Amino acid sequence: MPETTSAQLEARIAEVWEIGTRLGLRPFPTHFEIVPATVLYEIGSYGMPGRFSHWTHGKAYQVQKTLYDYGLSKIYELVLNTNPCHAFLLETNTVLQNTLVAAHVMAHSDFFANNAYFARTSRRMLDTVSLNAERIERYEFEHGEAEVERLLDAVLSIQEHVDLYASDDEEHQAESRPARQPGPYDDLWRDDRPAEREPARTIQRRNRRRPPEPVRDLLAFIRDHSPVLDEWERDVVSIVRAEMQYFIPQIQTKVVNEGWASYWHARIMREMDLSTDEHLAFAHLHSAILQPSPRRLNPYHLGYRILLDIERRYGEDRLFEVREVENDVSLVRNYLTRELVEDLDLYLYERQGDELVITDKDWQAVRERLIGELGGNQTPVILVEDGDYDGNLELYLRHAWDGRMLDLDWAEKTMEHIYRLWGRRVWLETKADNETRLILSYHPRDGHKRHP
């Protein structure tokens, strides 16, 4: 970027910060870095710079970079929830585009600093992920890249199944008894005939059940109680779990966070001393960011429109209350009205044959569907019911039924990964419909089984 252009952008960012602060924003100090598209898309694919390598990150990078190369998608900015915040601007953006992006970033930084769902996140995650990557590289050297990748495949398959609000101390208090370590003759006992094992099954499950209460944090339970993982493998599970806990609030607040950033970048840009041509360019870019899609939800558009409606009905002070206490689910539940649903033309649809057909336009049905799909609610809740099922350290999981069936093929593939981490038969209780219980089980010796 030419020196004169860089100086102009620096002056614009300073103006953005002055206006935003005057309007009431309280962001973290923020460092801006101008980078090429390859760097921006690499950071976007990995989630953070310096994060550990895995083929899923490379796959995400290739998808995003291909869309960018063909002009189908473009990331204008990327901002990290750290203190100070780190933001990356695309070097091919114009000064006006990067000015808008800086205003957008300032609002994101304000949201990170003041929203309750980010209060427990690590603000030094940039350092943490680099240290984590170094440890995983050392494990690759010591145990082989293929073995570490196989372990990461298994852990990442269940990375969403963590509890953001459970500390390690709480988990250990809930289950203080250490897992029984496997003995040298366990393989012989596992090969007993089923008819001989059946009488012991009921007795052992009643007397040896652990944890005492169902546990939602599957990764933490496997880390603490797996009978087969080595210490370095438990460390990898801990790494993935800690990094996922950092990302969860971003998943929970995508709509309200992007709506907040869009609302304030518009407010700030309208306060700036722009030329007529720049105002027109800003209006075009702003409308492109908020353009609704006929097939998928645009979180920028939905969040922005809900916040505008809140301001209209309750005033600006309520906006700052929303910024402090709401996530996507509570925002939609509390503030998505009949009038907004109708004005936004939101509806439910499904594919019937070769056509997409509208199935419901009732505003409450739309709201409930959104609640079920936002904030990470598309991920099913899987509870650890028993880590010593059948008295042989088999793992019994239960799907917390909410009316939505599991993708059984996906579930069975995931159970294979869980077996890699647990080393004993894995059970999963779910439902085939609202009334019919279905139990899946997996062990490499017997394959997959479905028990009605």
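Preceding this paragraph is the structure being described.
Chemist: Just checking my understanding: could you explain the overall build of the protein chain for this structure?
Modeler: When its secondary structure is counted, the protein chain shows 19 helices and ten strands. Looking at the 452 residues of the protein chain, the share that counts as buried comes to 48%. Residue pairs at least 24 apart in sequence account for 72% of intrachain contacts in the protein chain once pairs closer than 6 positions are excluded. Total accessible area on the protein chain stands at roughly 22700 Å², and carbon and sulfur atoms take up 49% of it.

Chemist: What am I meant to see in helix α14 (residues 299-314) here?
Modeler: One full turn of an α-helix is made of 3.6 residues, so residues set three or four places apart face in the same direction. End to end, α14 covers 22 Å across 16 residues, agreeing with the expected 22 Å (1.5 Å per residue, within 8%). Of all the positions in α14, only Pro299, His301, Leu302, Gly303, Tyr304, Ile306, Leu307, Asp309 and Ile310 are classed as buried. Packing partners of the buried residues in α14 comprise α12 (254-271), α13 (276-289), α15 (316-325), α16 (328-335), α17 (338-344) and α18 (363-373). Two to three positions downstream of the cap, the backbone nitrogen of Tyr300 sits 3.0 Å from a side-chain oxygen, assigning the N-cap of α14 to Asn298. Gly315 occupies a position one or two residues after α14 and carries a positive phi of about 95°.

Chemist: Looking at this model, I keep getting lost on the packing of aromatic side chains. Mind explaining?
Modeler: For any pair of aromatic rings, the description rests on two quantities: the centre-to-centre distance and the angle between the ring planes. Under the counting rule described, the total for this entry stands at 15 aromatic pairs. A ring pair is formed by Trp17 and Phe32, whose centres lie 5.8 Å apart and whose planes are at 85°; its orientation type is edge-to-face. Placement of the pair is Trp17 in helix α1 (residues 3-22) and Phe32 in strand β1 (residues 30-35), with a sequence separation of 15 residues. Using a relative accessible area of 25% as the deciding quantity, one classes Phe32 as partly exposed. Relative to Tyr396, the ring of Tyr389 lies with its centre 4.8 Å away and its plane at 50°, an arrangement referred to as tilted. Feature note: the residues Trp260, Tyr263, Trp264 and Phe320 constitute an aromatic cluster, connected by ring pairs. Note that Arg318 overlies the ring of Tyr314, its terminal NZ or CZ placed 4.1 Å from the centroid.

Chemist: Where do I start with the sheet that holds strand β7 (residues 394-399) in this structure?
Modeler: Two modes of strand pairing occur in sheets, parallel and antiparallel, and in both the strands are linked by backbone hydrogen bonds. One open sheet holds the five strands; their spatial order is β6-β7-β8-β9-β10, and the pairing between them is mixed. The two strands at the open ends of the sheet, each matched to only one other strand, are β6 (382-389) and β10 (447-451). Neighbour-to-neighbour, the strand axes of this sheet turn through a mean angle of 20°, independent of strand direction. Here strand β9 (residues 437-443) pairs with β10 via five bridges, running antiparallel. By the bridge assignment, Ser441 is partnered in β10 with Lys449. Packed onto the sheet, helix α19 (residues 408-422) meets β6, β7, β8 (426-431), β9 and β10 and runs at close to 45° relative to β9.

Parameters at a glance
Residue positions are given per chain, counting from 1 as you read along its sequence in written order. Restriction of local features to residues with pLDDT of at least 70 applies here, the model being predicted, together with a cutoff of 80 or more for giving and counting side-chain atom pairs; totals for whole chains, interfaces and linings are based on all residues. Side-chain metrics rest on all non-hydrogen atoms present in the structure, leaving aside hydrogens and water. In this text, helices come from DSSP runs of H or I with a minimum length of four residues, and strands from runs of E with a minimum of two, each type numbered from the N-terminal end. Classification of residues uses two cut-offs on accessible area relative to the type maximum, computed with a 1.4 Å probe and protein chains only: under 20% is buried, over 50% is exposed, and between them is partly exposed. Residues are treated as being in contact if the distance between any of their heavy atoms lies within 4.5 Å. The Shrake-Rupley method, run with a 1.4 Å probe, gives the accessible areas here. Residue values count only the displayed protein chains as cover. A helix is expected to span 1.5 Å for every residue after the first. Residues adjacent in sequence count toward polar contacts only when both atoms are side-chain atoms; beyond that, a polar contact is any pair of N or O atoms within 3.5 Å, and within protein one must be able to donate a hydrogen and the other to accept it. Between the rings of Phe, Tyr and Trp (Trp by its six-membered ring), a pair exists once the centres lie within 6.5 Å; its type follows the angle of the planes, with under 30 degrees stacked, over 60 edge-to-face, and the other angles tilted. Placement of a positive charge over a ring is assigned whenever Lys NZ or Arg CZ falls within 6 Å of the ring centre and within 35 degrees of the normal to the ring plane. In this description, strands pair whenever DSSP reports at least two bridges between them. Only the stretch in contact is used when fitting a helix axis, every axis being a line fitted to C-alpha atoms; angles between N-to-C directions are given from 0 to 180 degrees.

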